[in-house]
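Fold and contact review
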Amino acid sequence: MSVLDRINVGIVGVCGGYGRGGHLVGVFNALPPFHVQALCDVDRPRLDEANKKLGVAELYYDYQQMLEQSDIDAVFIATPMDLHVPQAVAALKKNLHVLCEVTAAVSIDQCKQLVAAAKNTKAQYMLASNYNYHKHVSAVRQMALAGLFGQTYYAEGGYVADCKGLAELTPWRRRWQVGINGISYITHNLGPMLQWLPGRRVAAVCCSGSGHHYADPRGVAYEAEDNCTMLGKLDDGGQIVIRCDFLSNRPGIGVYNDLQGTDGAFETRCGAPRIWLKSRKPDAQWLDYNAIEGEFLPEYWKKSIADADGFHNDHFMVMDFRAAIQGKAPNPLGVHESMDLTLPGLVSQLSIAEDGRWIDVPDSRTW
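This section reports on the structure supplied with the text. (Residues numbered from 1 in each chain as written. Predicted model: local features only at pLDDT ≥ 70, side-chain atom pairs only at ≥ 80, totals over all residues. Heavy atoms only, no water.)

**Quick word on the overall build of the chain**
Along the chain, the regular secondary structure elements total 13 helices and 14 strands. In terms of C-alpha radius of gyration, the chain reaches 21 Å, essentially the compact-globule figure of 21 Å for 367 residues. Out of the 367 residues belonging to the chain, those deemed buried represent 56%. A sequence separation of at least 24 residues applies to 70% of the contacts in the chain between residues at least 6 apart. Element-wise, carbon and sulfur atoms account for 50% of the exposed surface of the chain, whose accessible area totals about 15500 Å². The average position of the 34 basic charges and that of the 41 acidic charges among the side chains of the chain differ by 2 Å. (Helix = DSSP H or I, 4+ residues; strand = E, 2+ residues; numbered from the N terminus. Rg over C-alpha atoms; globule rule 2.2 N^0.38 Å. Buried < 20%, exposed > 50% of the residue type's maximum accessible area, 1.4 Å probe, protein only. Contact = heavy atoms within 4.5 Å. Areas by Shrake-Rupley, 256 points an atom, 1.4 Å probe, with all protein chains shown as cover. Lys, Arg positive; Asp, Glu negative; His and termini not counted. Charge placed at Lys NZ, Arg CZ, Asp CG, Glu CD.)

What follows is the structure, given as structure tokens:
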């Protein structure tokens, strides 16, 4: 089937977590020529119930069966983190396009398997890092590309939220997010940072933690330390810092990301975004970010505001996936960009196990 006429999509992982797979049904179907043809989930009763509202033609309870039997051109993977690579590789081997939820992989060996599969397929692989499409992330990227921050050399961010209850509701989080020491969920921070530091990658990291102070409801101590902090060296000498705290008893502040350059600074840590640009405020005083943002929003954001069509960052992400499949634009989060967002976190887990030793982050482009 020509991808210009119709792109049939199969979605795996419809019912778990935040219901990401189910949510993306509407997103895909709102962006022709995408058409959600099949849904797959191991939870048969919940999938059957969910599809009463979703109305998708084909239901599967086995992923391999969906790949073999359904007339699909692409898959969206929204399953637990450890399944992302096996399921992506299986699809790529059949030359099916893959849009995969974060993170890309849970081990360096898995990363190598994914890169090898992506090199030996005609299909596109794209990481579904939708945080890259947030409004302020998109605008600040345009400002950085325009040189308004001068030479950017430092970025700092964190993800702070008490997820102990969530880890009980979705057991895979107990294993893969709070059951591993180091930074296990990095893309919401590193994704925007590398958007603002274009052309650069994290070349080495070290990681340390604050100790263990909490146990799960069964009295088993969490393997992750309460607060883990990763320091990263960029390949051009710049620096990043990422904090991850999913366990501390406290009100959450969610995701924040900051940027520093020779001629400007941007912060979200204190609530509403704040910005300083030397070219507009030479006396180093904060500017009204909201008054500036509109000048630098990409056209897709401006259109969504003008049309008042309820566009969300997921729509923009799927639009880029469509453009990559159709050959209309480069894939912004292809397999190597996905590795740039995944490998530093995996290497941080090695570093914290070795008392914070600096460890080089491999560049998948050399594999």
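Moving on from the model shown.
**Regarding the sheet that holds strand 9 (residues 228-234)**
A sheet is described by the order of its strands in space; here eight strands give the open sequence 13-12-11-7-10-9-8-14, paired in mixed fashion. Two strands in the sheet have a free side with no partner beyond their single neighbour: strand 13 (274-277) and strand 14 (359-360). Across seven bridges, the pairing between strand 7 (residues 152-160) and strand 10 (residues 239-245) is parallel. What sits directly across from Val160, in strand 10, is Asp245. (Pairing = 2+ DSSP bridges.)

**Things to note about the sheet that holds strand 3 (residues 58-60)**
Ordered by their spatial adjacency, six strands build an open sheet running 3-2-1-4-5-6, and the pairing between neighbours is parallel. Looking along the sheet, the strands with just one partner apiece sit at the ends: strand 3 and strand 6 (125-127). In this sheet, adjacent strand axes meet at a mean angle of 25 degrees when their direction is disregarded. (Axes fitted to C-alpha atoms, helices over the stretch in contact; angles between N-to-C directions.)

**Structural notes on the packing of helix 4 (residues 84-93) against helix 5 (residues 108-119)**
Their axes nearest at 9 Å, the elements helix 4 and helix 5 cross at an angle of 15 degrees. Between helix 4 and helix 5, the crossing angle belongs to the class labelled roughly parallel. Considering how the two elements wind past one another, helix 4 and helix 5 form a crossing that is left-handed. Residues Val85, Pro86, Ala88, Val89 and Leu92 of helix 4 touch helix 5, and the partners they reach there are Gln110, Gln113, Leu114, Ala117 and Ala118. Within the contact of helix 4 with helix 5, the residues separate by chemical class into eight nonpolar, two polar and no charged. (Parallel < 35°, antiparallel > 145°, perpendicular 65-115°, else oblique. Left-handed = near helix turned anticlockwise from the far one by under 90°. Nonpolar A, V, L, I, M, F, W, Y, C, P; charged D, E, K, R; others polar.)

**What about the nonpolar core?**
Counting 117 residues, the largest nonpolar core has Ile11, Phe28, Tyr63, Tyr125 and Ile240 as its most contacted members. Not counting chain neighbours up to four residues away, the residues in contact with Ile240 comprise Ala155, Leu190, Met193, Leu197, Val202, Met230, Leu231, Gly232 and Leu234. (Core = buried A, V, L, I, M, F, W, Y, C linked by side-chain atoms within 4.5 Å.)

**Overview of the pattern of salt bridges**
Two side chains with opposite charge may pair up if their charged atoms get near one another. Using the criterion set out here, one finds 20 salt bridges in the structure. A salt bridge links Arg218 to Glu168; its shortest N-O distance comes to 2.9 Å. Taken together, the residues span a long stretch of sequence, with Arg218 in the loop between strand 8 (202-209) and strand 9 and Glu168 in helix 7 (residues 164-169) at a distance of 50 residues. According to the relative accessible area criterion, Arg218 is exposed, its value standing at 53%. Looking at Glu168, the relative accessible area reads 29%, which means it is partly exposed. A salt bridge links Asp340 to Arg365; its shortest N-O distance comes to 2.6 Å. Note that Asp340 is positioned in helix 13 (residues 335-353) and Arg365 in the segment after strand 14, a separation of 25 residues in sequence. For Asp340, a relative accessible area of 12% corresponds to the buried category. (Salt bridge = Lys/Arg side-chain N within 4 Å of Asp/Glu carboxyl O.)

**Some points on the environment of Phe266**
In this fold, Phe266 is placed in strand 12 (residues 264-267). Under the relative-accessibility criterion, Phe266 is labelled buried at 0%. For the pair Phe266 and Trp286, spaced 20 residues apart in sequence, the C-alpha to C-alpha distance is 9.3 Å. Those residues in contact with Phe266 that sit more than four places away from it in its chain are His136, Val140, Phe149, Trp196, Asn257, Asp258, Leu259, Pro273, Arg274, Ile275 and Tyr289.

**Digging into helix 9 (residues 187-196)**
Counted residue by residue, helix 9 has 10 buried out of 10 residues, so it is predominantly covered. Residues Thr187, His188, Asn189, Leu190, Gly191, Pro192, Met193, Leu194, Gln195 and Trp196 constitute the buried set of helix 9.

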